Amino acid sequence: MVILGIESTCDETAAAIVQDGRTVISNVISTSVKEQALYGGVVPEIASRRHIEYISPTVEKALADASMTMADVDAVAVTFAPGLIGAVLVGVNFAKGLAYASGKPLVPVHHLRGHIAANYLTHPDLKPPFLCLVASGGHSHIVMVEDWCRYKVLGRTVDDAAGEAFDKVARTLGLPYPGGPSVSAAAKSGNPHAYRLPTPHVEGKYNVSFSGLKTAVINEVHNARQKGQEISVPDMAASFQERIAQILAKKLLAAAADTGAKTVCLAGGVAANGRLRQLVNDGVQKLGAKVYLPELKFCGDNGAMIATQGYYEYQDGNLADLTLNGLPTLPIDYR
């Protein structure tokens, strides 16, 4: 079964062709990240306008790279929630028109489910049940994946997401957007123990909080500047990265130990962070469980992960008609 996946929830316009939920035939990403970097983060209106410009040629290239036409596609999958609503609506409306014009079924896909499904592309043997940390620019969740389309949220951020905290700290340190890669790069030459940063307290055993941690970095930098003192960017980047990776890994490993999970995964843009991957890999092995990490190219937003999850949503009977609307928020376990 061949699925065309379309993704447009943030600043990547993406389309891909995936066969049987596992084999990537083509994967095309058009991004406005360089333009967003001028403002230190995503400007929703700019992102939406670029999606409008990019979406048709991006889908055309995905089909061309696969040497296919819409006649070869069995269904159109599209991210309909959650995300920047203007950006989401571009993808949803394009997918609806394409599905209607070509007479193909329309499959709605939840963005976080797509991130989790990226692991299926890297690990063909992976199947539910498993425990997964989904950490990205807008989300930080610890999820028990009970079946291909059934989820149970065990923990989540109560304020900033991990990726959001990376972006804000990067901006404070004068590092470019997106914050995750730039902080990680700066941290390579830094001392992770140079600055003592807090571990925010939060209610809920597996919940996390990053607002206080982000604020601690901002205050440290501002206080130093007011005194005419220099902040070591590499040391602060390393200290922040270490703290946030430790928090995420500790919560995930606690959930793994308590649930007796035999398989643990990472997903989302923050899953590309090398220190987090190391901590989770080492911790999961000590628990005697298996760890699956997505290939780096599938950590960020892409169409292949949407096509992959779209395959399983189709098998589960989750189809949409032309009344499908985009949503800015929606729980991962909505159905």
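Residues numbered from 1 in each chain as written. Predicted model: local features only at pLDDT ≥ 70, side-chain atom pairs only at ≥ 80, totals over all residues. Heavy atoms only, no water.

Draft legend 1. Inspection of the overall build of the protein chain at higher detail. Secondary structure assignment for the protein chain yields 10 helices and 10 strands. Against the globule reference of 20 Å for 335 residues, the protein chain gives a C-alpha radius of gyration of 20 Å, in line with a compact fold. Referenced to the eigenvectors of the C-alpha coordinate spread, the extents of the protein chain come out at roughly 65 × 45 × 30 Å. The buried share of the protein chain, taken over its 335 residues, is 56%. Residue pairs at least 24 apart in sequence account for 73% of intrachain contacts in the protein chain once pairs closer than 6 positions are excluded. Here the protein chain has roughly 13900 Å² of accessible surface; of this, 51% comes from carbon and sulfur atoms. Positive and negative side-chain charges in the protein chain, numbering 30 and 31 respectively, have mean positions lying 6 Å apart. (Helix = DSSP H or I, 4+ residues; strand = E, 2+ residues; numbered from the N terminus. Rg over C-alpha atoms; globule rule 2.2 N^0.38 Å. Buried < 20%, exposed > 50% of the residue type's maximum accessible area, 1.4 Å probe, protein only. Contact = heavy atoms within 4.5 Å. Areas by Shrake-Rupley, 256 points an atom, 1.4 Å probe, with all protein chains shown as cover. Lys, Arg positive; Asp, Glu negative; His and termini not counted. Charge placed at Lys NZ, Arg CZ, Asp CG, Glu CD.)

Draft legend 2. Just the sheet that holds strand S6 (residues 130-135), in detail. Taken in spatial order, the 5 strands make up an open sheet running S8-S7-S6-S9-S10, and their pairing is mixed. Each of the sheet's edge strands pairs with one partner strand only, and the pair in question is strand S8 (150-156) and strand S10 (290-292). Averaged over all pairs of adjacent strands, the angle between strand axes in this sheet comes to 25°, irrespective of strand direction. (Pairing = 2+ DSSP bridges. Axes fitted to C-alpha atoms, helices over the stretch in contact; angles between N-to-C directions.)

Draft legend 3. Inspection of the pairing of S6 at higher detail. Within S6, 6 of the 6 residues are buried, leaving the element largely enclosed by the surrounding structure. Along S6, one buried face is formed by Phe130, Cys132 and Val134 and the opposite face, lined by Leu131, Leu133 and Ala135, is buried too. By the bridge criterion, 6 bridges tie S6 to strand S7 (residues 140-147) in an arrangement that is antiparallel. Across the sheet, the residue bridging to Cys132 is Val143, located in S7. Sheet topology places S6 next to strand S9 (residues 263-267); 4 bridges connect them, and they run parallel.

Draft legend 4. Highlighting helix H6 (residues 179-187). Every buried residue of H6 is accounted for by Gly179, Ser182, Val183, Ser184, Ala186 and Ala187. Looking at the buried side of H6, the elements it contacts are helix H5 (162-172) and helix H8 (233-259).

Draft legend 5. Summary view of the sheet that holds strand S2 (residues 12-19). Read across the open sheet, the 5 strands follow the order S3-S2-S1-S4-S5; overall the sheet is mixed. Edge positions in the open sheet fall to strand S3 (23-31) and strand S5 (106-110), since each of these has one partner strand only. The sheet shows a mean angle of 20° between the axes of neighbouring strands, direction not considered. Inspection of the sheet shows S2 paired to S3 by 8 bridges, in the antiparallel sense.

Draft legend 6. Layout of unusual backbone geometry. The peptide bond linking Ala81 to Pro82 adopts the cis configuration, its omega dihedral lying at -15°. By the secondary structure assignment, Pro82 is in the loop between strand S4 (75-81) and helix H3 (85-102). The residue after Pro128, namely Pro129, is reached through a cis peptide bond having omega 5°. Even without being a glycine, Asp20 presents a positive backbone phi close to 55°. In this structure, Asp20 sits in the loop between S2 and S3. For Asp20, a relative accessible area of 37% puts it in the partly exposed group. One non-glycine residue, Ser67, lies in the positive phi region at around 55°.

Draft legend 7. Region of the structure containing the nonpolar core. Phe210, Phe240 and Leu276 are the most contacted members of the largest nonpolar core, which has 51 residues in total. Counting only elements with at least two residues in this core, the list comes to S6, S7, H5, H6, helix H7 (211-226), H8, S9 and helix H9 (274-286). Considering each element in turn, this core owes the most residues, 13 residues, to H8. With 32 residues, the next largest nonpolar core counts Val107, Leu126, Cys132 and Val145 among its residues. (Core = buried A, V, L, I, M, F, W, Y, C linked by side-chain atoms within 4.5 Å.)

Draft legend 8. Up close: the packing of aromatic side chains. Applying the stated criterion across every chain yields a total of 7 aromatic pairs. Aromatic side chains Phe80 and Tyr334 sit 5.8 Å apart centroid to centroid with 70° between the ring planes, which places their arrangement in the edge-to-face category. Taken as a pair, Phe80 in strand S4 and Tyr334 in the segment after helix H10 (303-315) lie far apart in primary sequence, 254 residues in all. Accessibility expressed as a relative area gives 26% for Tyr334, which makes it partly exposed. Between Tyr120 and Trp148, the ring centres sit 5.1 Å apart and the planes meet at 75°, which makes this aromatic pair edge-to-face. Of this pair, Tyr120 sits in helix H4 (residues 111-122) while Trp148 sits in the loop between S7 and S8, and the two are 28 residues apart along the sequence. Residue Tyr120 is classed as buried on the basis of its relative accessible area of 1%. Residue Trp148 is classed as partly exposed on the basis of its relative accessible area of 24%. Connected via pairs of aromatic rings, a cluster forms that spans Tyr120, Phe130, Trp148, Tyr311 and Tyr312. (Phe/Tyr/Trp six-rings, centres within 6.5 Å; stacked < 30°, edge-to-face > 60°.)

Draft legend 9. Here's a closer look at the pattern of salt bridges. A complete count under the given rule lists 15 salt bridges for this structure. Between Lys168 and Asp160 there is a salt bridge whose closest N-O contact spans 3.5 Å. One salt bridge in this structure joins Asp160 and Lys214, with 3.2 Å as the shortest N-O distance. Residue Asp160 is located in the loop between S8 and H5, and its partner Lys214 is located in helix H7; the two are separated by 54 residues in the primary sequence. Classification of Asp160 as buried rests on a relative accessible area of 8%. Taking relative accessible area as the criterion, Lys214 reaches 12% and is therefore assigned buried. Several salt bridges converge on common partners, so that one network encompasses Arg113, Glu313, Asp316 and Arg335. (Salt bridge = Lys/Arg side-chain N within 4 Å of Asp/Glu carboxyl O.)

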